[in-house]
Amino acid sequence: MRIKSLIVIGMLSSMALVTSCKKSSETTKTEKKTGYQGQGKSPVVPTVDKPIQKQWRGVWAFNDSTIFFSNKFDGARLNGVANDGNDHYTIWVTAENTPINVSPWYAFQVWSEKPRDITVQLNYQDSRSRYYPKISTDGRNFTPLDSTRFKAINPGEGEFGIEAAPESAELTISVTENPTWITAQELYTSSVVQEWVDSLSQKPFIENYPIGLSKEKRTMYLMEINESKDSKKAIMIISRQHPPEVTGFLAMKSFIETISGDSELAKGFRQEHTVFVVPLMNPDGADNGHWRHNMGGIDLNRDWQNFNQPETRNVRDFLVEKDKEYDFVFGADFHSTWDDIYYPIDTTVTGKKGKIIFDWIENISQRLPQKKTNVSASDEIDPTMVSSKYFYVHHGMPAIVFELGDNTSRPFLKEKGNVAAEEIMKLLMEQ
């Protein structure tokens, strides 16, 4: 791996350079802050293995075995069911371990011998009802539950964060003899993601291959988009370090499909740049219905300093090898949170090289003015701990954590992924 001195360069930049760049990453003092402002500084936490509690998988039968609940499918999360009488059922959902970020994922099937309406109340371990339920009759195509069939219990306060969520929720569901899926977000398990990867890899300039195994020995796949063997510039894209963060994955999916598309911009970009993509960083967590962690019981996006988990080590080892032949010019890690927000590294640290990230954000905002997205820049890169800081410190690439809101509309997610891809391609081709 090439040793890069970008940190020193950024910190020793002239005051003129720092001043000129800094204004692009700061909110003016007179500007009123609105919308989600992002989370605070993440604490440093140990990333050695912690015990997890695997959920029991099976079928619950009620009303003399005429009503059934199940978690026997990939991505399911259902830890207990109680029949309260009068076709009312209480669902209990617990996390894989604690302490944990409050991302209370749930996914279960329900069916009945005879068609009927039932009421299901969602309850969580040490959390509130963050995710609005999605419903499906085939496990693939999901739509939000009709709002007339959703009742918030003890509504929260404010606009963002777990305290803004209701304490629990009651859902009215029409059930038949065929299973109905109720999930926190759409199901994108490892097999579904791989179907997308395999489909896109039918293009002659895309291949996918394994880069290692997860904690539970699932294969981690990487897509390589490369139309010219002479290209020496590269970008690195990852997604789904945290299993419930499906909206980030959907934006990433659109982003990659745009770069892989037939536009003249995309064709020209692929002649000069190679794109590396790990679309599912945490396949174990996705398939086991985890709230946040991998099967080592760890938040992967806190393990980019010590690399105690196989998933982060797989990407690290891949990058170290590719860094010998490529100049990495951009990196992005797609996530989900309470609302759309960008987490770049401040230009007071990265200097002129990092300004492309803020130019990119500005260009996206100009094309999508209908939704304001805030910027929360970090001026700390030690410890690296999170992916974007590792990408920059060890591989010299301007990088960002690109977060999409839990409830951002799916058409807008697709549009934002498309616009984001077009704008970064334009900027990188100007360099």
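You'll find the structure just up there.
This section reports on the structure supplied with the text. Position labels on residues start from 1 in each chain and follow its written sequence. Predicted model: local features are reported for residues with pLDDT of at least 70 only, side-chain atom pairs are reported and counted for 80 or more only, and whole-chain, interface and lining totals are derived from all residues. Derived side-chain values reflect all non-hydrogen atoms in the structure, with water molecules and hydrogen atoms excluded from consideration.

Details of the pairing of strand 15 (residues 273-278)
Rule in force here: For every residue, the accessible area (1.4 Å probe, protein chains only) is compared with the maximum for its type, and the residue is labelled buried under 20%, exposed over 50%, or partly exposed between those bounds. Helix numbering and strand numbering both begin at the N terminus, where a helix is a DSSP run of H or I of at least 4 residues and a strand a DSSP run of E of at least 2. At least two DSSP bridges between two strands are needed for those strands to be called paired.
Most of strand 15 sits inside the fold, with 6 of its 6 residues counted as buried. Side chains His 273, Val 275 and Val 277 project from strand 15 onto one buried face, and the interleaved Thr 274, Phe 276 and Val 278 project onto a second face that is buried too. As paired strands, strand 13 (residues 219-225) and strand 15 are joined by 3 bridges and run antiparallel to one another. Bridge assignment links Glu 224 to a residue of strand 15, and that residue is Phe 276. With 6 bridges joining them, strand 14 (residues 233-239) and strand 15 adopt parallel strand pairing. Opposite Ile 235, over in strand 15, you have Val 275 as the bridge partner.

Here's the deal with the packing of helix 7 (residues 310-322) against helix 10 (residues 387-395)
Two quantities define a packed helix pair, namely the angle between the helix axes and the distance between the axes. Where we set the bar: Angles shown run from 0 to 180 degrees and are taken between the N-to-C directions of axes, each axis being a line fitted to C-alpha atoms and, for helices, limited to the stretch in contact. Roughly parallel here means an angle under 35 degrees, roughly antiparallel means over 145, roughly perpendicular means 65 to 115, and every remaining angle is called oblique. The sense of a crossing depends on the near helix, which, turned anticlockwise from the far helix by less than a right angle, makes the crossing left-handed and, turned clockwise, makes it right-handed. In what follows, a contact means two residues having at least one pair of non-hydrogen atoms within 4.5 Å.
At a closest axis distance of 12 Å, the pairing of helix 7 and helix 10 adopts a crossing angle of 25 degrees. Relative to helix 10, the element helix 7 lies roughly parallel. In the packing of helix 7 onto helix 10, the handedness of the crossing is right-handed. Where helix 7 approaches helix 10, its residues Arg 316, Leu 319 and Val 320 are matched on the opposing element by Tyr 390, Phe 391 and His 395.

A few points about the pattern of salt bridges
Applied cut-off: One speaks of a salt bridge when a side-chain nitrogen belonging to Lys or Arg is within 4 Å of a carboxyl oxygen belonging to Asp or Glu.
Going through the model one piece at a time under the given rule, you end up with 26 salt bridges. Residue Glu 321 pairs with Lys 324 through a salt bridge whose shortest N-O separation is 3.2 Å. Here Arg 367 and Glu 423 are joined by a salt bridge, their closest N and O atoms 2.8 Å apart. Taken as a pair, Arg 367 in helix 9 (residues 355-367) and Glu 423 in helix 11 (residues 410-430) lie far apart in primary sequence, 56 residues in all. Several salt bridges share partner residues, and in doing so they unite Lys 54, Glu 216, Arg 218, Asp 284 and Asp 287 into one network.

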